[in-house]
Amino acid sequence: MCISYGDSCFTVTIWGKLEVVVLVVVDTVGYPNVLPHFPFSLISLSLSPSYHQTLDTKDLKVSKVTANGQAAKFTLGPKHSFMGTPLEITLPFDLSRGQHVIVEVTYETAPNASALQWLTPEQTAGKKHPYLFSQCQATHCRSMVPCQDTPAMKHTYYAQVSVPKELVAVMSAVRDGEEPDPQDSSRAIYHFRQPVPMPSYLIAIVVGALESREIGPRSRVWSEKELVDKAAYEFSETETMLKTAEGLAGPYVWGQYDILVLPPSFPYGGMENPCLTYATPTLLAGDRSLSNVIAHEISHSWTGNLVTNKTWEHFWLNEGHTVYLERMIGRSMESEQFRQFKAMGGWKELQESVNTFGANNPLTNLVPNLNEVDLDEAFSSVPYEKGFALLYHLEELMGGPEVFMGFVKSYIQLFSYSSITTEEWKHYLFTYFKNKVPCVLNRCPPSSPRYDTTMADACIALCKRWVKTKEGDLGNFSEGDVKTLSTHQLIEFLSLLLQQEPLPLSHVKRMQEVYQLNAFNNAEIRFRWLRLCVKSKWEDAVPMALKMATEQGRMKFTRPLFKEVYNFDKYREEAVRVFIAHRAAMHPVTANLVSKDLKVDNDKST
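Calculation criteria
- Residues numbered from 1 in each chain as written.
- Predicted model: local features only at pLDDT ≥ 70, side-chain atom pairs only at ≥ 80, totals over all residues.
- Heavy atoms only, no water.
- Helix = DSSP H or I, 4+ residues; strand = E, 2+ residues; numbered from the N terminus.
- Contact = heavy atoms within 4.5 Å.
- Areas by Shrake-Rupley, 256 points an atom, 1.4 Å probe, with all protein chains shown as cover.
- Pairing = 2+ DSSP bridges.
- Axes fitted to C-alpha atoms, helices over the stretch in contact; angles between N-to-C directions.
- Salt bridge = Lys/Arg side-chain N within 4 Å of Asp/Glu carboxyl O.
- Phe/Tyr/Trp six-rings, centres within 6.5 Å; stacked < 30°, edge-to-face > 60°.
- Buried < 20%, exposed > 50% of the residue type's maximum accessible area, 1.4 Å probe, protein only.
- Lys NZ or Arg CZ within 6 Å of the ring centre and 35° of its normal.
- Parallel < 35°, antiparallel > 145°, perpendicular 65-115°, else oblique.
- Left-handed = near helix turned anticlockwise from the far one by under 90°.
- Polar contact = N/O pair within 3.5 Å; in protein donor to acceptor, adjacent residues only side chain to side chain.

With that settled, consider the overall build of the chain. Helix and strand counts for the chain stand at 19 helices and 24 strands. The long-range share in the chain, meaning contacts at least 24 apart out of those at least 6 apart in sequence, stands at 67%. Summed over all atoms, the accessible surface of the chain reaches about 24900 Å², with 51% contributed by carbon and sulfur.

On to the sheet that holds strand 5 (residues 52-57), then. Taken in spatial order, the three strands make up an open sheet running 5-9-8, and their pairing is antiparallel. The open sheet has two edge strands, strand 5 and strand 8 (73-76), and neither has a second partner. Strand-to-strand twist of the sheet, defined as the mean angle between neighbouring strand axes without regard to direction, takes the value 20 degrees. In the sheet, strand 8 pairs with strand 9 (residues 85-90) via four bridges, with the strands oriented antiparallel. When the sheet's bridge partners are listed, Leu 76 is paired in strand 9 with Leu 87.

On inspection of all chains with the given rule, the structure shows 32 salt bridges. For the salt bridge of Glu 402 with Arg 331, the shortest nitrogen-to-oxygen distance reads 3.0 Å. In this pair, Glu 402 is assigned in helix 8 (residues 401-415) and Arg 331 in helix 4 (residues 315-333), connecting sequence segments 71 residues apart. With a closest N to O distance of 2.8 Å, Arg 577 and Glu 574 form a salt bridge. Here Glu 574 and Arg 577 lie together in helix 18 (residues 572-582), a separation of three residues that amounts to about one turn. Residues joined by salt bridges that share partners form a network here, namely Arg 331, Glu 336, Arg 339, Glu 395 and Glu 402.

Scanning the entire structure with this criterion turns up 32 aromatic pairs. Arranged with centres 6.2 Å apart and planes meeting at 75 degrees, the rings of Phe 133 and Phe 266 form a pair that is edge-to-face. With Phe 133 in strand 12 (residues 131-134) and Phe 266 in the loop between strand 20 (258-261) and strand 21 (270-271), this residue pair connects regions lying 133 residues apart in the sequence. For the residue pair Phe 133 and Phe 266, the accessibility class agrees, reading buried in each case. For Phe 266, a relative accessible area of 0% corresponds to the buried category. Taken together, the aromatic side chains of Tyr 324, Phe 388, Tyr 392, Phe 404, Phe 407, Tyr 411, Phe 415, Tyr 428, Tyr 432, Phe 433 and Tyr 451 make up a single cluster linked through ring pairs. The ring of Phe 388 has Arg 327 sitting right over it, with the charged end atom 4.6 Å from the ring centre. Directly above the ring of Tyr 566 sits Arg 572, whose terminal nitrogen or CZ lies 4.4 Å from the centroid.

Before going further, it helps to examine the environment of Thr 277. Mapping Thr 277 onto the fold places it in strand 22 (residues 276-279). Those residues in contact with Thr 277 that lie beyond four places of it in its chain are Tyr 257, Asp 258, Ile 259, Leu 260, Met 271, Glu 272, Ile 294 and Glu 297.

The next subject is the packing of helix 7 (residues 382-398) against helix 8. For any two helices packed against each other, the geometry is given by the interaxial angle and the distance between the axes. One way to put it is that helix 7 packs onto helix 8 with a least axis distance of 8 Å and a crossing angle of 120 degrees. Taken together, helix 7 and helix 8 sit at an angle that is classed as oblique. Read as a crossing pair, helix 7 and helix 8 show a hand that is right-handed. In this structure, helix 7 contributes Leu 391, Leu 394, Glu 395 and Met 398 to the contact, and helix 8 contributes Pro 401, Val 403 and Phe 404.

With respect to the element layout, Lys 348 can be found in helix 5 (residues 336-357). For Lys 348, a relative accessible area of 10% corresponds to the buried category. A distance of 2.3 Å separates the side chain of Lys 348 from the side chain of Glu 492, its partner in a polar contact. Non-local contacts of Lys 348, meaning those with residues more than four positions away in its chain, are made with Glu 492, Ser 495, Leu 496 and Gln 499.

Contact geometry of helix 13 (residues 487-498) with helix 15 (residues 523-535) gives a least axis separation of 9 Å together with a crossing angle of 25 degrees. Judged by the angle between their axes, helix 13 and helix 15 are roughly parallel. Judged by the sense of rotation from one axis to the other, the crossing of helix 13 with helix 15 is left-handed. Taking contact as the criterion, the partners of Thr 487, Leu 490, Ile 491, Leu 494, Ser 495, Leu 497 and Leu 498 in helix 13 are, on helix 15, Glu 524, Ile 525, Arg 528, Trp 529, Arg 531, Leu 532 and Lys 535.

Below, the discussion takes up the environment of Lys 61. With respect to the element layout, Lys 61 can be found in strand 6 (residues 61-67). Its relative accessible area of 60% is what places Lys 61 among the exposed residues. Distance in space between the C-alpha atoms of Lys 61 and Thr 106 is 8.5 Å, their sequence separation being 45 residues. Look past the residues within four positions of Lys 61 in its chain and what remains in contact with it is Thr 106, Tyr 107 and Glu 108.

Okay, here's the thing in structure tokens:
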């Protein structure tokens, strides 16, 4: 796949037998006119006895289907509001067992395909070239590629991507060389291969004016040149994390582990695409304090990418185990107290998600019913932190972290390269701990985990002081209160305050005077501080909150900041106005969800 001011194409082989060719045209202002053609072959055993194949699509305009060069019948089923349209293909001939068939689908993707975000030069750091990135999780790959868009299906692929020489292409695959484009001397061709089977939601492509720096023997960091050195410093501990993870979970099978720092509109903290982790620029704090997100994405190399939830109802298998492994990496690199401290913070995030959904909302279940549920709207910390809480409880029952990590490693080894359900996980848990199963069945978990509060005690004490102090005693606070707190502890202190009733306006103003929190660029600190200020009705904070909500697009920050301003009655209309003015520059998923948060009609224009 490529992005240019002319025609270009790439070829992808999926599931070992699937070849995809895409033609992409980008006009002179950087917006795409996409005219893809996808020839692909399917091994015959994947077809039903009636020689029908159903593929997922979304907003794809299919014009022709052929099989081994012969016209094949196809129909597009009824369009679902968020799942798209099934593409039914009927082969024009009988099949014999083991016969390979090349099926070619000619179609056009929509300019607003939900898997893709196209940035104009003005939206990039360099301001000179357009930029393309994909984000397929959970079910957006179908808007880019007709496929079996389910985590139950895994495939390998290869690709060649032709781009103008001034641009670089990277994918969720191992780089396999580059060469001049023999058909156009102004272009270069990049080759990629992904020999490890993976689900469709992990297909990823990025094209832009990228540079890279080596940060380890199997790792590079990629970004626009304006950020690449800062990113190289921030993620310099990547190889240590990889080695630590290998010691816990087994060999890293994906070959390369690169990190790509995306433009600010990327809606997530990170994305675990094999060989190419996406990272938000909001992680670039300057002190490596937010690199635990990279530990999380590294952990997905085993739990999620190698062992995958069979359906999205079982998403906690991906995320709960990944959070568990991420915190075990933190335990090895920092301390057990650090792991406990991060677990406490995660428990508060879970409580906030439950409060947002409502305690009786089915989406707070560990294994929710997602029938007719838009997966983007269901996304929350619940599968992450409720999943972790369950695993931590089992760890306590079964003999501690070393014993339970033995189970996790064995689980990974047994189910590698496959997709599983919670029932399969549970069956193996009971098999592995067969002598301890009665203990599990007969002991209910506590209403909340019991964590070591050593690192949190100072945060809790300072929070209580601010909550209990009367206005006349605010002079007792000083800069020294936070001098000994680490970045993680300062984040925790602000998180604790957000769980309380809003502070009086006099208190947040005094907090700014003594702690100078407006000067912090760390995104996690700034996000919590601005929320705290808006909750306390400090009008000076409103423009700063809206600026943060729009200058980056990480949904963890953007949605709560917009909601806080929206809930400030005096500035409700301003929140809507700012959102509408910036909606076109947002990622499609972010724009859709913020519009629902603010009750804005998606058809409403600026």
